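What the coordinates show
Residues per chain, in single letters:
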Amino acid sequence: MPSYLTITDPLEHETEVRRSRFICALAPVGTEAEARAFIAERRRLYGDATHNCTAYVLGDRVQKADDDGEPGGTAGTPMLEVLNRRGFADVVAVVTRFFGGVLLGAGGLVRAYGGAVGETLDRAVSVRMVPATIMSVVIDHAHAGRLENDLRVSPYPVRAVDYGADVTFEVAVADDALDGFAGWLAGVTAGRAIALPGEGVHLREDAAVSSPGRSA
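Read on for a plain summary of the structure. (Residues numbered from 1 in each chain as written. Predicted model: local features only at pLDDT ≥ 70, side-chain atom pairs only at ≥ 80, totals over all residues. Heavy atoms only, no water.)

1. Section: the overall build of the chain
Across its full length, the chain carries 5 helices and 10 strands. Relative to a compact globule of 216 residues, whose C-alpha radius of gyration would be 17 Å, the chain shows 22 Å and is clearly more extended. If you line up the chain on its principal axes, its C-alpha atoms span 75 × 35 × 25 Å. When burial is assessed residue by residue, the chain has 46% of its 216 residues classed as buried. Sequence-distant contacts in the chain: of pairs separated by 6 or more residues, those separated by 24 or more amount to 71%. Element-wise, carbon and sulfur atoms account for 51% of the exposed surface of the chain, whose accessible area totals about 10,500 Å². On the chain, the mean spot of the 21 positive side-chain charges and the mean spot of the 29 negative ones are 6 Å from each other. (Helix = DSSP H or I, 4+ residues; strand = E, 2+ residues; numbered from the N terminus. Rg over C-alpha atoms; globule rule 2.2 N^0.38 Å. Buried < 20%, exposed > 50% of the residue type's maximum accessible area, 1.4 Å probe, protein only. Contact = heavy atoms within 4.5 Å. Areas by Shrake-Rupley, 256 points an atom, 1.4 Å probe, with all protein chains shown as cover. Lys, Arg positive; Asp, Glu negative; His and termini not counted. Charge placed at Lys NZ, Arg CZ, Asp CG, Glu CD.)

Below is the structure:
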C-alpha cells in the first residue's frame, strides 16, 4: 500500500467566482459512515444553498463524488481529482455553492469547484500516512508484563492485548521498520516471543519508526 497525505482537523474556506459563493469544508474521515455523516451535517447547515457537492477518498479502497444537480462531471469529479492529484486520502470535501446570478459554463464550474478544494487544502495541516503491518506478538504470561512495559515505552504502538493461554499484543509497525522491530523484539525478550504478520494499515509518519537512513 502506498503512502498518502491526510489532514489533521476539519477546516472551511470560502471563495467567490463571478458573484457565486463557494464554501469548501474538509474533514479527516476513516470510514464511509463518517464521510456520509459529515456530508449530511453540511447539507443541514446549508440547506438553502443552490448545491452541496461532495467528494471523498478513503485509503486506496473507496472514491466517490456527487455533483448534486450541477452538470455531470463539473463539480464532484474535479473535487475528487484535486484530492487524488495532491495525494490526499481519508478526507471528505463538501463545496457549497450559492448561485450569484452569472452562469459559469462547464469549464468555469470545473475550475471553481476544483479550485475551492485546492485552496482549502493549501490552508490545511497535513500529515503523511505510511504503510504498516499489524504484528501479533505472542509470549508466555511469565514474561508478558516485562514485554508490555517495554512496548509501552517503545515507538511501536500497541493496538490491543489479548490474555489467553498466552498473551498476544497487536503492535503496529511501519513496513520499512519490520526488520528493526524483529531485532528489537528478540533483544528485549531473549527470543521468547513469536511475531506473526497480520493486516496492513497506515501510521502517521511522525509516529512511525524509520529504518536507518530514512528521515521521518
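2. Quick notes on the side chain of T120
Along the chain, T120 falls in helix α3 (residues 105–122). A relative accessible area of 0% means that T120 is categorised as buried. Not counting chain neighbours up to four residues away, the residues in contact with T120 comprise L11, H13, C24 and L26.

3. So, the sheet that holds strand β2 (residues 11–17)
By way of backbone hydrogen bonds, the strands of a sheet pair with one another, either parallel or antiparallel. On the basis of which strands lie adjacent, the open sheet formed by 5 strands has the order β2-β3-β6-β4-β5 and antiparallel pairing. Two strands bound the open sheet, and with one partner strand each, they are β2 and β5 (62–66). Put simply, the sheet's adjacent strands are angled 15° from each other on average, direction ignored. The sheet contact formed by strand β4 (residues 51–58) and β5 spans 5 bridges and is antiparallel. Looking across to β5, one finds that L58 is bridged to V62. Along the sheet face, α3 touches β2, β3 (20–28), β4 and β6 (91–98) and points at about 45° away from the line of β3. (Pairing = 2+ DSSP bridges. Axes fitted to C-alpha atoms, helices over the stretch in contact; angles between N-to-C directions.)

4. Regarding helix α2 (residues 76–85)
When α2 is considered as a whole, its buried residues turn out to be G76, P78, M79, L80, V82 and L83. Among the structural elements, β4, β5, β6 and α3 are those in contact with the buried residues of α2. Phi for G87, located one or two positions after α2, is positive at around 80°.

5. Let's talk about the pattern of salt bridges
Across all of its chains, the model carries 10 salt bridges by this definition. E32 is the partner of R36 in a salt bridge, and the nearest nitrogen-oxygen pair spans 3.7 Å. You can see R36 and its partner E32 sitting in helix α1 (residues 32–45), 4 residues apart, about one turn around the helix. By relative accessible area, R36 is classed as partly exposed at 47%. We classify E32 as partly exposed; its relative accessible area is 22%. Where D122 meets R86, a salt bridge forms, and the shortest distance between an N and an O atom there is 2.7 Å. (Salt bridge = Lys/Arg side-chain N within 4 Å of Asp/Glu carboxyl O.)

6. A short note on the pairing of β2
Bridging between β2 and β3 involves 7 bridges; their strand directions are antiparallel. In the strand pairing of β3, V17 is matched with S20.

7. A short note on helix α4 (residues 141–152)
In an α-helix, one full turn covers 3.6 residues, which means residues spaced three or four apart are oriented alike. Taking 1.5 Å per residue, 12 residues should reach 16 Å; α4 reaches 17 Å between its end C-alpha atoms and fits that length. Taken together, the buried positions of α4 are A144, L147, D150 and L151. Across the axial projection of α4, the buried residues extend over an arc of 130°, all falling on one side. Exposed and oriented more than 90 degrees from the buried face of α4 are A142, R146 and N149. Regarding α4, its N-cap is D140, as a side-chain oxygen of that residue lies 3.1 Å from the backbone nitrogen of A142 further along. (Expected span 1.5 Å × (residues − 1). Arc of directions from axis to C-beta. Polar contact = N/O pair within 3.5 Å; in protein donor to acceptor, adjacent residues only side chain to side chain.)

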